[in-house]
Amino acid sequence: MNFELTQEQLLLQKTAREFAQNKLLPGIIERDETSVFPMDLFKEFGKTGAYGLPYPEEYGGTGGSYMDYVLSVEEISKVDGAFGISYSVNTSLYGGSIMNSSASDDIKKKFLAPITYGEKAGSFGLTEHSAGSDAAGQTTVAVKKGDKYIINGSKCFNTNGPFADFTVIYALTDPALGTKGMCAFVVEKDTAGFSVGRIENKMGIRTSPVSELHLENVEVPEEQMIARPGEGFKLAMKTLDGGRIGVAAQGLGIAEGAFEIARSYMMERAQFGKPIAKQQYLAFKMAELQTKIESARMMVYRAAWMKDNGKPYTVPAAMAKMTCTNVAMEVTTEAVQLLGGNGYMKEYHVERMMRDAKITQIYEGTNEIQKLVISGQLFR
Ligand code: CAA
């Protein structure tokens, strides 16, 4: 077993770390307050090739690995978890849907290559108001008409929805067949009948926009059907397996970011005549949190390694997602407490990180759904 990162991985980690510190950190409090997505920075970071890290060069990627992508999302999320999820949805849920699909090579190149360097952005349209945890309960319908499909329905909680150029839309060709009739299409933003609905006002990850998407008689050419009827649900599930590794990396990064702020603060902040780091009760708390972060790191790196090495990773991904996001919630909550009154103030960042951490326990399958996935395999 080799725990060393390669020179290339150390370099991409450094690139992401410097981008987060130098570009994302300035102005982050204001962006969080006003819910402004830094599109210019999203495009700028894209130029490093980060969004295509796990994809082959022939599809516009950099030919790296999922582990590379995890390291990059982790570094970004140490500073800005909201940017981390927009990145993750773009690469693993949108890009993953395309890459994992049975679409032709031409379609894969057409719709994957532009997102890998940030020229275009992608979103993932699975969730509906009545189909959240029960992803099979779709009501969006696609009807064949000549060499086109006509799609009608609405999606909700679409990360990147308001600005995505391309969205993968999951739909049913025959509602009576349930998941056996589920298919998927890639839909372009400017297609007639496709519109962005309500943009949500959220507790956390406020700079990563989330919206409804409406499809009213949206005509999509047959070649943009990336999963044929009956393949769509499996495509969504397989893609979510990869997405959950991304969310795990995001959770790990948020936890590490908050931990580091708390550690520095504890060495500076003096009470009762000494730095609070010298209070053994608080130092022990940090020792426990650091141990949990290291355990979480092993889980997400291992899940990425399994995916990269062609081993089954559904359960490792679910375990990593649940563990890392629970650790993110615990560490950020403790960080607020460790910083006392200052922790509650925006300029110390940990209150934002705590708000950002909460959603990681909910999206891409709640942590209860992860238990369903894990226990489902256990008692098959
Ligand atoms: N990979 C491939 N195929 C899979 C699979 C996987 N991981 N998991 C299930 N399948 C297949 C099964 O083998 C089965 O195939 P057959 O019919 O051929 O046997 C089929 O899919 C149906 O499987 P289940 O009976 O297990 O399906 P289910 O209806 O019981 O649902 C579930 C399972 C795990 C609960 C699933 O609905 C689920 O993951 N729900 C959570 C949805 C979710 O994560 N949503 C997140 C939305 S995206 C988001 O949050 C984005 C964002 O903005 C950040």
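Residues numbered from 1 in each chain as written. Predicted model: local features only at pLDDT ≥ 70, side-chain atom pairs only at ≥ 80, totals over all residues. Heavy atoms only, no water.

In the nomenclature of an unreviewed UniProt entry, the protein is known as Acyl-CoA dehydrogenase of Emergencia timonensis. Here is the UniProt Cofactor (unreviewed entry) comment for the protein, exactly as written: "FAD". Per UniProt, the protein carries the Sequence similarities (unreviewed entry) text "Belongs to the acyl-CoA dehydrogenase family." (UniProt positions renumbered as here; feature names shortened; annotations may be inferred.)

Moving on, we get to the pattern of salt bridges. In this structure the tally under the stated criterion is 22 salt bridges. Among the ionic contacts, a cluster of salt bridges with common partners joins Asp32, Lys346, Glu351 and Arg355. (Salt bridge = Lys/Arg side-chain N within 4 Å of Asp/Glu carboxyl O.)

Per the domain assignment, the segments making up the protein are domain 1 (7–116), domain 2 (122–230) and domain 3 (233–378). Taken over C-alpha atoms, the centre of domain 1 sits 22 Å from the centre of domain 2. Between domain 1 and domain 2 the total buried area reaches about 2000 Å² when both faces are included, carbon and sulfur atoms providing 66% of it. Counting the surface domain 1 buries against domain 2, the share from its top three residues, Tyr94, Ser97 and Phe111, is 23%. Here domain 1 is connected to domain 2 by zero salt bridges. Where domain 1 meets domain 2, there are eight residue pairs in polar contact (both at pLDDT 80 or more). Going through the elements one at a time, α2 (28–34), α5 (81–100) and α6 (105–116) are the ones with two or more residues in the side of domain 1 that touches domain 2. Here the side of domain 1 that touches domain 2 is composed, by residue class, of 15 nonpolar, seven polar and five charged. (Domains from an automatic or database assignment. Buried area = accessible area lost by both parts, 1.4 Å probe. Polar contact = N/O pair within 3.5 Å; in protein donor to acceptor, adjacent residues only side chain to side chain. Helix = DSSP H or I, 4+ residues; strand = E, 2+ residues; numbered from the N terminus. Nonpolar A, V, L, I, M, F, W, Y, C, P; charged D, E, K, R; others polar.)

What surrounds the ligand is a group of 25 residues, the closest being Ser133, Thr159, Lys180, Lys234 and Arg244. Taking Ser133, its main chain carries an N or O atom lying 2.7 Å from a nitrogen atom of the ligand. Glu364 places a polar main-chain atom, nitrogen or oxygen, 2.8 Å from an oxygen atom of the ligand. Counting residues per element, the shell around the ligand draws most heavily on helix α7 (residues 232–268), which supplies seven residues. (Near = heavy atom within 4 Å.)

For the rest of this paragraph, the subject is unusual backbone geometry. A negative phi holds for most residues other than glycine; trans holds for most peptide bonds. With phi around 55°, Phe272 is a residue other than glycine that occupies positive phi space. As for its position among the elements, Phe272 is in the loop between β9 (270–271) and β10 (274–275). One non-glycine residue, Glu364, lies in positive phi territory at about 55°. Secondary-structure assignment places Glu364 in the loop between α10 (350–360) and α11 (367–378).

Our next topic: the side chain of Thr116. Its location among the elements puts Thr116 in helix α6. By relative accessible area, Thr116 is classed as buried at 0%. Discounting residues that sit within four places of it in the chain, Thr116 has contacts with Gly46, Gly49, Ala50, Tyr51, Gly52, Tyr59, Gly60 and Gly61. (Buried < 20%, exposed > 50% of the residue type's maximum accessible area, 1.4 Å probe, protein only. Contact = heavy atoms within 4.5 Å.)

Moving on to the UniProt feature "domain: Acyl-CoA dehydrogenase/oxidase C-terminal" (unreviewed entry) in the protein. The positions UniProt marks with the feature "domain: Acyl-CoA dehydrogenase/oxidase C-terminal" (unreviewed entry) are residues 230–376. In this annotation, residues 230–376 is assigned 76% helix and 3% strand; the end-to-end C-alpha distance for the span is 21 Å.

With that out of the way, let us pick up the nonpolar core. Counting residues in hydrophobic clusters, the biggest one holds 61 residues, and the most contacted among them are Phe45, Ile76, Phe83, Tyr87, Ile245 and Val300. Considering every element that reaches this core, the biggest residue donor is α7, with eleven residues. Shared between two domains, this core holds at least three residues of each, these being domain 1 (7–116) and domain 3 (233–378). Setting aside residues up to four positions removed in sequence, Phe83 forms contacts with Phe19, Leu24, Pro38, Leu41, Phe42, Phe45, Tyr51 and Ile76. By size, the runner-up hydrophobic cluster in this structure holds 31 residues, among which are Leu93, Ala103, Phe124 and Val186. (Core = buried A, V, L, I, M, F, W, Y, C linked by side-chain atoms within 4.5 Å.)

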